Amino acid sequence: MRFILRRLWFYVVAAFVAITINFIIPRLMPGNPLEAYLGKNQGSAVLTHSALCAIAEQLNTTYQHCGHKQPGIFVQYWDYLVNLAHLNLGVSATYDTTVAHEIALTLPWTAALVGFSTILAFALGTLIGIVAAWRRGGATDGSLPALSFFQGIPYFFLALLLQEIFTVHWHFLPSTGGDSTSVVVGMNWPFIASALEHSILPAATLVLASMAGWSVGMRNVMLTTISEEYVLAAQAKGLSTRRVVWTYAARNAILPNIAGFANALGLAVSGVLIMELVFSYPGIGNTLYQAVTGEDYPLLQGIFLVISLSVLAANFIADGVYVILDPRTRRRAAD
Amino acid sequence: MKRLFSPKKSENLLLDLSGSSGPDLDKPVLSVEDFSIVYRSAHGDVKAVDHVSLELARSEVLGLAGESGSGKSTLAYGACRLLRSPALITGGKVTYAGRRAPREGIDITSLNAHELRQLRWKEISIVFQSAMNSLNPVITVGAQLDDAIKAHMPLDKHDRHERAGTLMDLAGIPRQRLRSYPHELSGGMRQRVMIAMALAADPDIVIMDEPTTALDVVVQREILTQIIEIKEQLGFAIIFITHDLSLLLELSDRIAIMYGGKLLEIAPTKNLQHKAAHPYTEGLLASFPSLTGPKKALAGIPGSPPDLRSLPPGCPFFPRCRHAGAACRSVDMLLKNVSKTLEEVHLSACPFHPGPGADKRWRAPDMIEDVIRIGGGEKTQSDPGYIDSLETLEKGSI
Amino acid sequence: MINTLTDPPADSTAANALKVDLPSAKYSIFKRIWATYKNTPFKFKLGLAIIVFFVLLSVIGPFVAPYNPNANITSSAGVNLAPSATHLLGTDSTGEDVLSQVLIGTGPTILLGLITGVIATSFSVIVGLLAGYYGGIADEIISLFTNVFLVIPALPLLIVLVAFIQGGNITMALVLSVLGWPWGARVIRAQTMSLRNQDFVAAAKETGESSLRIMLVEILPKLVSIIASSFIFTVLYAIAASVGLMYLGLGDVNSITLGGMLFNASNQSAFILNEYWWYLPPGLIIAVFGMGLVLLNYGLDEIGNPRLRDASKRQKIGKRNIRPSDPTPVLALLNRQVGLFGRISKLPFEEEAGKNKSKKHSLYGRA
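Predicted model, so just to flag it, every value in this text is computed and none were measured. (Residues numbered from 1 in each chain as written. Chains lettered and ligands numbered in written order. Predicted model: local features only at pLDDT ≥ 70, side-chain atom pairs only at ≥ 80, totals over all residues. Heavy atoms only, no water.)

Draft legend 1. Expanded view of the overall build of chain B. Each helix and strand counted, chain B has 12 helices and 12 strands in total. Counting every position in chain B, which comprises 398 residues, the buried fraction comes to 60%. A separation threshold of at least 6 residues defines the contact pool for chain B, and within that pool the share at least 24 residues apart is 67%. Accessible surface for chain B amounts to roughly 16300 Å². Of this, 53% is attributable to carbon and sulfur atoms. (Helix = DSSP H or I, 4+ residues; strand = E, 2+ residues; numbered from the N terminus. Buried < 20%, exposed > 50% of the residue type's maximum accessible area, 1.4 Å probe, protein only. Contact = heavy atoms within 4.5 Å. Areas by Shrake-Rupley, 256 points an atom, 1.4 Å probe, with all protein chains shown as cover.)

Draft legend 2. Quick look at the overall build of chain A. On a plain count of helices and strands, chain A comes out with 14 helices and 0 strands. Listing each helix as α and each strand as β along chain A from the N terminus yields α-α-α-α-α-α-α-α-α-α-α-α-α-α. Buried residues in chain A amount to 54% of all 335 residues. Restricting the contact set of chain A to residue pairs at least 6 apart, pairs at least 24 apart contribute 72%.

Draft legend 3. Geometry of the packing of aromatic side chains. The final tally for this structure, using the stated rule, is 21 aromatic pairs over all chains. Taking 6.0 Å as the distance between ring centres and 45° as the angle between the ring planes, the aromatic pair formed by Tyr77(B) and Phe128(B) counts as tilted. On the criterion of sequence distance, the pair formed by Tyr77(B) in helix α1 (residues 72-79) and Phe128(B) in the loop between β6 (124-127) and α3 (131-134) is long-range, its members being 51 residues apart. You'll find Tyr77(B) and Phe128(B) in the same group, each marked buried. Measuring from ring centre to ring centre gives 4.9 Å for Tyr280(B) and Phe317(B), while their planes differ by 65°; the resulting arrangement is edge-to-face. With Tyr280(B) in helix α10 (residues 279-285) and Phe317(B) in the loop between α10 and β11 (336-337), this pair connects stretches of sequence that are 37 residues apart. Looking at Tyr280(B), the relative accessible area reads 0%, which means it is buried. By way of ring pairs, the aromatic residues Phe10(A), Tyr11(A) and Phe316(A) are connected into one cluster. (Phe/Tyr/Trp six-rings, centres within 6.5 Å; stacked < 30°, edge-to-face > 60°.)

Draft legend 4. Molecular detail of the pairing of β6(B). Residue and element names in this part refer to chain B. Side chains Ile-124 and Ile-126 project from β6 onto one buried face, and the interleaved Ser-125 and Val-127 project onto a second face that is buried too. Across 4 bridges, the pairing between β6 and strand β7 (residues 205-209) is parallel. Counterpart to Ser-125 in the pairing with β7 is Val-206. (Pairing = 2+ DSSP bridges.)

Draft legend 5. The arrangement of the interface of chain A and chain C in detail. Taken together, the contact between chain A and chain C spans 64 residues of the former and 61 residues of the latter. Between chain A and chain C, a total of about 5600 Å² is buried, with carbon and sulfur atoms accounting for 72% of that surface. The largest share of the area that chain A buries against chain C comes from Arg136(A), Phe157(A) and Ser227(A), three residues that together contribute 12% of it. The interface formed by chain A and chain C contains 0 salt bridges. Across the chain A-chain C interface, the total number found is 3 residue pairs in polar contact (both at pLDDT 80 or more). For the side of chain A that touches chain C, the element with the highest residue contribution is helix α11 (residues 261-279) of chain A, accounting for 9 residues. Its residues assigned to classes, the side of chain A that touches chain C comprises 41 nonpolar, 16 polar and 7 charged. (Buried area = accessible area lost by both parts, 1.4 Å probe. Salt bridge = Lys/Arg side-chain N within 4 Å of Asp/Glu carboxyl O. Polar contact = N/O pair within 3.5 Å; in protein donor to acceptor, adjacent residues only side chain to side chain. Nonpolar A, V, L, I, M, F, W, Y, C, P; charged D, E, K, R; others polar.)

Draft legend 6. Representation of the side chain of Thr109(B) within the structure. Relative to the helices and strands, Thr109(B) is located in the loop between β5 (106-107) and α2 (113-119). Of note is the side chain of Thr109(B), whose polar atom sits 2.8 Å from the side chain of Asp107(B). With residues up to four places along the chain from it excluded, the contact list for Thr109(B) reads Phe35(B), Arg81(B), Gly92(B), Lys93(B), Val94(B), Val330(C) and Leu333(C).

Draft legend 7. Broad picture of unusual backbone geometry. The phi torsion at Glu210(B) lies on the positive side, around 40°, for a residue other than glycine. Of note, Glu210(B) is situated in the loop between β7 and α7 (217-234).

Draft legend 8. Molecular detail of the sheet that holds β6(B). Residue and element names in this part refer to chain B. With mixed pairing, 8 strands are arranged side by side in an open sheet as β6-β7-β8-β3-β9-β10-β12-β11. Among the strands making up the open sheet, the edge pair consists of β6 and β11. Relative to strand β8 (residues 237-242), α1 is tilted by about 145°, and along the sheet it contacts β3 (61-65), β6, β7, β8 and β9 (254-259). Packed on one face of the sheet, helix α6 (residues 187-198) meets β6 and β7 and runs near 180° to β6. (Axes fitted to C-alpha atoms, helices over the stretch in contact; angles between N-to-C directions.)

Draft legend 9. Structural context of the pattern of salt bridges. All names here are of chain A. Tallied over the entire structure, the rule returns 20 salt bridges over all chains. The shortest N-O distance in the salt bridge between Asp-326 and Arg-328 comes to 3.0 Å. You can call Asp-326 buried: its relative accessible area is 3%. Exposure remark for Arg-328: the relative accessible area of 26% places this residue in the partly exposed category.

Draft legend 10. Spatial organisation of the pairing of β3(B). Residues and elements named next belong to chain B. Of all 5 residues in β3, 5 are buried; the element is thus mostly enclosed. Because side chains alternate across β3, one face comprises the buried residues Val-61, Gly-63 and Ala-65, and the other comprises Leu-62 and Leu-64, equally buried. In terms of strand pairing, β3 meets β9 through 4 bridges, oriented parallel. From the neighbouring strand, Ala-65 faces β9, where its bridge partner is Ile-257.

Draft legend 11. Examining the nonpolar core more closely. Of all hydrophobic cores here, the largest spans 148 residues; its most connected members are Phe156(A), Met222(A) and Leu158(C). If we skip the residues at most four places from it in the chain, Leu158(C) touches Ala163(C), Val175(C), Leu176(C), Leu179(C), Tyr237(C), Ala241(C) and Leu245(C). Membership of the second largest hydrophobic core comes to 120 residues, among which are Leu232(A), Ile230(B), Cys328(B) and Phe352(B). (Core = buried A, V, L, I, M, F, W, Y, C linked by side-chain atoms within 4.5 Å.)

Draft legend 12. Quick peek at the packing of helix α7 (residues 155-169) of chain A against helix α8 (residues 189-226) of chain A. Residue and element names in this part refer to chain A. Put simply, α7 and α8 touch, their axes get as near as 9 Å, and they point 130° apart. As far as their axial angle goes, α8 and α7 are oblique. When you trace α7 past α8, the crossing you get is right-handed. In this structure, α7 uses Tyr-155, Leu-158, Ala-159, Leu-162, Gln-163, Phe-166 and Thr-167 to contact α8, whose residues at the interface are Leu-201, Ala-204, Thr-205, Leu-206, Leu-208, Ala-209 and Ser-210. Classifying every residue of the contact of α7 with α8 by side-chain character gives 10 nonpolar, 4 polar and no charged. (Parallel < 35°, antiparallel > 145°, perpendicular 65-115°, else oblique. Left-handed = near helix turned anticlockwise from the far one by under 90°.)

Draft legend 13. Broad picture of a nonpolar patch on the surface. A contiguous nonpolar patch, built from Leu48(C), Val52(C), Val55(C), Leu56(C), Val59(C), Ile60(C), Phe63(C) and Val64(C) and spanning about 730 Å² of accessible area, is present on the exposed surface. Tracing the backbone shows Val59(C) in helix α3 (residues 42-64). (Patch = residues over 30% accessible without salt bridge, like charges linked within 9 Å, V, L, I, M, F, W, Y side chains within 5 Å.)

Draft legend 14. The state of the cysteines, seen in detail. Residue and element names in this part refer to chain B. Under the definition given, this model contains 0 disulfides over all chains. We note that Cys-321 lacks a disulfide partner, and the nearest cysteine sulfur, in Cys-328, lies 6.0 Å from it. Of the residues examined, Cys-321 reaches a relative accessible area of 14% and is grouped as buried. (Disulfide = S-S within 2.5 Å.)

Draft legend 15. Just the sheet that holds β5(B), in detail. All names here are of chain B. Spatially, the 4 strands line up as an open sheet ordered β2-β1-β4-β5, and their pairing is antiparallel. Two strands in the sheet have a free side with no partner beyond their single neighbour: β2 (46-56) and β5. Pairing between strand β4 (residues 87-96) and β5: 2 bridges, direction antiparallel. When the bridges of β5 are listed, Thr-95 appears paired with Asp-107. The strands touched by α1 within the sheet are β1 (30-39), β2 and β4, with β1 carrying the most contacts at an inclination of about 115°.

Below is the structure:
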């Protein structure tokens with residue numbers, strides 16, 4: 001339990017650092033967010049003076065014609081934290097909605113895609129690693145170096161290739177978007193079927209690209225584990241091969257892979273953000289890109305924060321799984 | 001193979017050996033005949049076990065001693081076919097004739113993986129050298145014990161748990177330790193768990209591979225005492241592998257000495273201790289202090305173990321042997337009975353040794369080269385004729 | 001005794017005999033080179049070959065490029081040509097020769113990766129060494145900081161930074177370096193900490209060596225393989241990230257780099273128009289170069305970990321590949337099973353479970 005608490009402490013600090021970086025970045029940026037906002041909405045409406053001031057306040061910036069002065073940096077930071085506590089991420093300059101609303105629209109798409117693909121890639125990759133190690137020198141083992149091609153390829157290029165092959169050449173699958181335009185978003189079968197169909201290629205890209213890393217990692221640890229004496233002991237006990245492989249060898253060999261989940265998830269998220277553009281996937285990566293090109297600071301800030309916190313949360317879960325799987329960590333924490 | 005033995009009805013740990021209808025009880029429970037194991041490598045075969053023959057009697061404690069690299073562990077693990085690639089059994093036979101085996105015994109070298117899984121642990125189990133390394137660190141010792149029972153005994157969950165508890169009692173560990181993970185136990189406790197584990201499926205043979213080397217002396221003694229007690233209760237045979245000959249002198253019924261992949265001497269413990277018939281054994285005996293005997297100067301054996309890749313013909317020990325002569329290069333390394341009594345079998349591979357316990361003059365090997373040719377032939381069998389010829393030759397020549 | 005399974009149990013002599021040792025000095029230099037070559041893992045050799053090939057390509061490329069990569073052809077005749085004898089890899093939508101662009105653009109792309117690798121890895125080494133060696137509060141803070149950096153996804157931050165810090169490839173390399181060091185720093189710190197507690201460091205301290213000297217002379221050489229692996233991954237990350245960012249249109253997309261080519265190809269609908277000659281070469285070069293880096297790293301792993309090296313050698317007896325699950329093979333049985341054409345038709349220790357249930361014998365009779 002103390003191990004979990006220590007980790008929790010780390011995650012609290014990490015979250016705090018992420019929140020602070022998020023606060024600092026827009027303030028390092030050139031240009032004035034309000035001007036950017038006005039530039040975006042040029043001609044849409046002539047705003048009253050008070051409306052401008054309200055927007056300026058929401059954007060956390062100064063507008064010299066308004067009565068109030070920009071408060072000191074610490075006051076701003078405090079206000080920012082208070083706003084965060086109220087889940088108030090401000091107003092998007094490009095979409096004319098609140099940032100929270102925009103994120104709520106797009107995050108589920110990305111979270112579902114990344115979550116599903118990463119877990120699938122982890123499971124498949126680990127399985128391949130186990131087989132390759134147990135049948136070292138066999139066909140699976142021999143094909144692992146070829147898999148490293150997918151490890152070296154940038155996500156977006158693989159996405160482009162798959163898109164080219166399956167949609168332009170073969171018209172197999174829908175090329176872009178998250179769902180078909182003819183369905184109504186909600187918990188209905190046509191929508192789910194359409195969403196699933198549209199996510200096949202993005203998911204396949206993610207799985208292909210990240211699977212190789214898991215496989216090779218698992219294979220190498222598994223090979224080392226197989227030469228442990230407890231695996232020999234399990235064989236000497238006359239246990240079935242299946243039992244030896246799973247309960248004795250793989251059960252131990254998977255631990256470093258789980259510990260490496262943090263790094264891999266960060267990479268996967270980064271890859272997904274660019275890949276979403278290729279498929280015009282309605283996820284948070286696309287929105288991020290829109291925010292960057294539109295100099296939409298509040299949206300940018302909100303997205304960055306949400307992604308960081310999501311990855312932190314996923315890592316925390318992976319840590320918990322590790323503690324459950326490795327009893328020794330419980331002891332170490334108790335010492 | 002026909003089923004000649006029906007499984008025991010009760011799983012009581014205290015076995016009634018007399019009631020079993022197994023094979024001839026006078027025959028050895030395990031016999032290794034002309035057994036050879038090599039490690040294949042790009043630089044040629046490493047002959048780790050070279051034409052070794054050995055028998056293990058029922059309920060016997062057989063000590064297997066030798067320096068590291070002598071092939072003692074390879075022999076024991078190889079007999080269970082537990083060695084991993086690049087190990088290869090190049091010849092010989094290992095016959096198992098336990099209580100449940102058919103009368104003619106089972107040739108382990110002819111079994112497939114499925115048959116071997118049935119043999120392992122139920123017939124031959126192993127106590128590994130390092131309990132820490134041979135216990136799976138991430139599952140409880142109870143679950144690991146249960147694994148062993150489940151694989152070999154048709155018991156339901158409750159009975160298995162009961163049996164695990166009985167085994168823990170037997171090995172002297174509190175039952176609640178079943179729920180512990182290996183890292184939560186002390187070194188001695190872990191080794192006791194390994195002993196309980198080895199007894200899980202009620203085997204006929206337990207191989208103990210330096211089971212107490214990693215422990216401190218006090219715990220070592222406790223555990224050894226316990227092993228012998230349990231052995232007396234259950235009646236299994238033990239192959240005790242160690243480099244510590246003094247330990248074997250106290251513990252075992254017979255001792256086999258290995259060197260360079262070859263067997264040099266096998267004798268009842270008393271004989272070996274007082275009437276060693278091989279210069280290597282004498283060297284080993286002189287290299288540690290006796291607990292009870294008179295004080296004497298300790299002497300190590302100069303030199304280092306041989307390179308098994310390029311073993312010269314003849315006796316592997318001869319480069320380090322102070323009595324060595326030209327004839328040692330062509331000695332056939334067959335074991336001959338050198339015992340003076342008919343009841344005891346004392347085998348030695350050195351034909352030049354003046355004889356067990358005798359303080360006779362050492363015959364220079366180069367002088368009696370032709371004796372080897374006369375004596376060579378029968379292996380591991382008592383050959384009174386050979387002894388006679390030696391005796392006459394000796395009388396005549398001196 | 002840890003190594004029971006790959007090595008023969010407890011028999012150190014036999015185990016040593018199995019180690020592949022290089023021929024000693026009595027052999028000729030060529031034999032030694034050949035032996036070294038033979039003992040180097042295949043993955044390492046393949047990875048190194050790929051990397052050397054592309055590095056050479058990027059050095060020689062600009063001199064052998066057949067066309068000026070910026071020589072736009074104004075007439076529409078030379079635009080979007082498929083590969084032909086005059087344009088081996090065709091031309092793009094502005095009539096530029098793709099081959100020439102690839103030959104010239106590979107260099108800057110790889111160079112960007114290498115520069116980032118050098119800067120970021122140097123930083124990781126400094127931070128990791130200091131934090132690992134001195135420990136204490138500074139270490140706590142540094143390791144917290146690196147861990148935080150590790151879990152915060154780099155790309156959004158990169159996008160933001162590159163988007164607003166306008167600049168060329170050097171700027172991008174610097175930004176990538178800023179975000180690329182924590183992973184290396186973490187592993188180097190961990191390794192330094194374990195080395196710090198070893199006897200040779202204590203001995204060096206006793207003899208009065210300065211901390212700096214201990215770090216540089218005693219500890220640093222033992223970190224070489226970790227540093228190499230960290231460098232390789234940083235280069236891989238930098239190339240993938242820079243190309244990705246360029247694909248988004250960030251950074252200097254007008255400079256001739258592989259990323260810039262992909263950006264233009266995608267912008268001009270090369271993918272939809274199936275102008276494979278335009279988008280495949282830059283993408284494949286990045287992928288294959290990345291693969292070379294990954295293979296090189298696996299090779300380093302194998303060199304550093306003897307267990308992997310032994311295991312990766314095919315464990316063959318006769319023609320049969322022996323798996324760790326197989327019982328020790330018996331030569332007599334192997335020979336008996338050799339079929340007509342010298343191939344082993346069926347082996348006694350072949351797993352029979354499931355395959356041939358009726359033939360499954362119990363040890364003591366029928367099961």
